[in-house]
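Observations on chain architecture
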Amino acid sequence: MDTESTYSGYSYYSSHSKKSHRQGERNRERHKSPRNKDGRGSEKSVTIQAPTGEPLLANDSTRTEEVQDDNWGETTTAITGTSEHSISQEDIARISKDMEDSVGLDCKRYLGLTVASVLGLLVFLTPIAFILLPPILWRDELEPCGTICEGLFISVAFKLLILLIGTWALFFRKQRADVPRVFVFRALLLVLIFLFVVSYWLFYGVRILDSRDRNYQGIVQYAVSLVDALLFIHYLAIVLLELRQLQPMFTLQVVRSTDGESRFYSLGHLSIQRAALVVLENYYKDFTIYNPNLLTASKFRAAKHMAGLKVYNVDGTNNATGQSRAMIAAAARRRDSSHNELYYEEAEHERRVKKRRARLVVAVEEAFIHIQRLQAEEQQKAPGEVMDPREAAQAIFPSMARALQKYLRTTRQQHHHSMESILQHLAFCITNSMTPKAFLERYLSAGPTLQYDKERWLSTQWRLVSDEAVTNGLRDGIVFVLKCLDFSLVVNVKKIPFIILSEEFIDPKSHKFVLRLQSETSV
């Protein structure tokens, strides 16, 4: 009996140890599988960390997508396999803003303005110096000039005033952006003006200062000729910098790399960097704001389809190429049923969007009706008790906040609108007596980038990538790319075709006709 009890106890212990051993092997294989599943354990992996206290995946496999929409992008954090710190979209926007502010301390931005200011001061003081130096150095030796010189003085004064105003309007404008290279035509004009003034000074020093010319009228006319030449150079600057680019010569197709949204722009003769600057200026007002959350649905769907595929290696050999081909073939076989799933997912999403949009419209209309009731009551109150638009917006906002929050989460726009910006927009609509439809227009459809706060643009610093030199002019077939942090703009340049228009003359008499009626008619 002791032997049987001992044997039974031994068998229980051995079976328990085998189960524990198999469970430990499964645990070790489970921990090893994420690293060695594709044979590349040393590569970095990007994961999404769930908030503390919530599992990454729910125990219920039938977790609906609606729960994900309500908590989309609020508490998730993107981390890499080699970093212990997390970063969010707000942090990226803050870093981008700090980098932009630090660029303002660079002296490169003010170098061109400083050079232009010094050269402009030299240009305006030169004619005055030409006129004042002879009377100061050899007044007694000069011949009297009389009325002719006084008229020339007035002419020089008004011409210098016109030149000053034109130079201020053309050259001394606020810089719109930092470009990688100098503006070629502007640099050539500055060099031309510098050489022109230096040559005038050399001739003045040799022929007038050294010889102490007594003909003061000729000296004044020499200064007048300098001012006239400067006016012609200013006219040349207007032609090169402003008028040359007005006639459209090229059509630029701008495509956003993430969602394929495109626009077309017509430009004249510009350099690549100036054309890129025009494209970016139009991007902020023409393109809808970039929303990275709209792109995650397709990526999640593709990852879910590939996650359901498993490849078993029967031979025991490590053949990564064969496994990849097997997974691609299996995914191709499942392609016939995936379009049905996509169709029903989009139909369900549209249904939820329409439902929450209807709730939002009703909530906003009721809130504005309450505002009208409050305005009618405030007309009967004393002037000191009237509520300002900010207080009125804060009073009615809670009644529509939940419906607006759910709609923004469903359409994945919650990171574009803060509560403060919504309150400001609501107070603005109340101040200007706008309708509920005017208030909702900003939230029912995505608007251009300029419509939102600058902290939420996520695209303020750009990099220009081009095979050609950025100072070269546009030509047919050039492609350059404007890259920012999350996406890029691909610009394709096409030349506007030459149009042959001919005239065809139609004789006015050819439109005339005669109606002949028969004399005999049927009864």
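Note that the structure is predicted; figures quoted are calculated from it, not measured.

Turning our attention to the nonpolar core. Ranked by internal contacts, the top residues of the largest apolar core, which has 30 residues, are Phe130, Phe196 and Tyr216. Looking at this core, the elements that each hand over two or more residues are helix 4 (108-137), helix 5 (147-170), helix 6 (184-209) and helix 7 (216-243). Per-element tally for this core: the top contributor is helix 7, with eleven residues. When sequence neighbours within four positions are dropped, the list of residues in contact with Tyr216 reads Ile131, Pro134, Pro135, Leu142, Glu143, Cys145, Cys149 and Phe153. Counting 27 residues, the second largest nonpolar core, distinct from the first, contains Ala363, Ala392, Leu408 and Leu426.

Counted under the stated rule, the structure contains one disulfide. Across the disulfide from Cys145 sits Cys149; the S-S distance is 1.3 Å. The sign of the 90° torsion about the S-S bond sets the Cys145-Cys149 disulfide as right-handed. Cys149 shares its class with Cys145; the two are buried.

Further remarks concern the packing of helix 12 (residues 389-410) against helix 13 (residues 419-431). Remark: helix 12 packs on helix 13, axes separated minimally by 9 Å, with the N-to-C direction vectors making an angle of 125°. One element, helix 12, and the other, helix 13, form an angle in the oblique class. Between helix 12 and helix 13 lies a crossing whose hand is right-handed. On helix 13, the residues that touch Pro389, Arg390, Ala392, Ala393, Gln394, Ile396, Phe397, Met400, Leu404 and Leu408 of helix 12 are Met419, Glu420, Ile422, Leu423, Gln424, Leu426, Ala427, Ile430 and Thr431.

A separate point is the pattern of salt bridges. On inspection of all chains with the given rule, the structure shows eight salt bridges. With a shortest N-O distance of 3.0 Å, Arg263 and Glu261 are connected by a salt bridge. For Arg263, a relative accessible area of 28% puts it in the partly exposed group. The exposure class assigned to Glu261 is buried, which follows from its relative accessible area of 15%. For the salt bridge of Lys285 with Asp286, the shortest nitrogen-to-oxygen distance reads 3.2 Å. Given the relative accessible area of 45%, Lys285 is considered partly exposed. Each of Arg256, Asp259, Glu261 and Arg263 takes part in a single network of salt bridges with overlapping partners.

Time to look at the packing of aromatic side chains. Centre distance and the angle of the planes are the two values used to describe a pair of aromatic rings. In this structure the tally under the stated criterion is 19 aromatic pairs. For the pair Trp201 and Tyr204, a centre-to-centre distance of 5.9 Å together with 85° between the ring planes defines the contact as edge-to-face. Taken together, the positions of Trp201 and Tyr204, both in helix 6 and three residues apart, correspond to about one turn of that helix. For Tyr204, a relative accessible area of 0% puts it in the buried group. Taking 6.0 Å as the distance between ring centres and 40° as the angle between the ring planes, the aromatic pair formed by Tyr283 and Phe487 counts as tilted.

A separate point is the side chain of Glu261. Here Glu261 shows up in the loop between strand 3 (250-256) and strand 4 (262-267). In terms of polar contacts, Glu261 uses its side chain to reach the side chain of Arg256, at 2.7 Å. Within the local environment of Glu261, its side chain forms a polar contact with the side chain of Thr288, the two groups lying 2.8 Å apart. Setting aside its immediate chain neighbours within four residues, Glu261 contacts Val254, Val255, Arg256, Asp286, Phe287 and Thr288.

Moving on, we come to the UniProt feature "transmembrane region" (unreviewed entry) in the chain. Cross-referencing UniProt, the feature "transmembrane region" (unreviewed entry) maps to residues 110-132, 152-171, 183-204 and 219-241 in the present numbering. Annotation note: span residues 152-171, helix share 95%, strand share 0%, distance between end C-alpha atoms 27 Å. End C-alpha atoms of residues 219-241 are separated by 33 Å, and the span's content is 100% helix alongside 0% strand.

With that settled, consider unusual backbone geometry. Phi at Arg412 is positive, roughly 60°, even though this residue is not glycine. The topology assignment puts Arg412 in the loop between helix 12 and helix 13. Given the relative accessible area of 6%, Arg412 is considered buried. One non-glycine residue, Ser433, lies in the positive phi region at around 55°. Note on placement: Ser433 falls in the loop between helix 13 and helix 14 (436-444). Its relative accessible area of 64% is what places Ser433 among the exposed residues.

Here we take up the sheet that holds strand 4. Read across the open sheet, the five strands follow the order 4-3-7-6-5; overall the sheet is antiparallel. Sheet topology places strand 4 and strand 5 (463-466) at the edges, where each strand pairs with a single neighbour. Each neighbouring strand pair of the sheet contributes to a mean axis angle of 25°, computed without reference to strand direction. Lying on the sheet, helix 8 (residues 272-286) is in contact with strand 3, strand 4, strand 5, strand 6 (479-483) and strand 7 (488-495); it crosses strand 4 at an angle near 135°.

Attention shifts here to the pairing of strand 6. Note: strand 5 against strand 6, four bridges, orientation antiparallel. Across the sheet, residue Val465 finds its bridge partner in strand 6, namely Val481. Pairing geometry for strand 6 and strand 7, over five bridges, is antiparallel. If you follow Val479 over to strand 7, its bridge partner there is Asn492.

Structurally, Arg139 is set in the loop between helix 4 and helix 5. Sequence separation between Arg139 and Tyr216 is 77 residues; the distance between their C-alpha atoms is 9.8 Å.

Thresholds, definitions, all that
- Residues numbered from 1 in each chain as written.
- Predicted model: local features only at pLDDT ≥ 70, side-chain atom pairs only at ≥ 80, totals over all residues.
- Heavy atoms only, no water.
- Core = buried A, V, L, I, M, F, W, Y, C linked by side-chain atoms within 4.5 Å.
- Buried < 20%, exposed > 50% of the residue type's maximum accessible area, 1.4 Å probe, protein only.
- Helix = DSSP H or I, 4+ residues; strand = E, 2+ residues; numbered from the N terminus.
- Contact = heavy atoms within 4.5 Å.
- Disulfide = S-S within 2.5 Å.
- Axes fitted to C-alpha atoms, helices over the stretch in contact; angles between N-to-C directions.
- Parallel < 35°, antiparallel > 145°, perpendicular 65-115°, else oblique.
- Left-handed = near helix turned anticlockwise from the far one by under 90°.
- Salt bridge = Lys/Arg side-chain N within 4 Å of Asp/Glu carboxyl O.
- Phe/Tyr/Trp six-rings, centres within 6.5 Å; stacked < 30°, edge-to-face > 60°.
- Polar contact = N/O pair within 3.5 Å; in protein donor to acceptor, adjacent residues only side chain to side chain.
- UniProt positions renumbered as here; feature names shortened; annotations may be inferred.
- Pairing = 2+ DSSP bridges.

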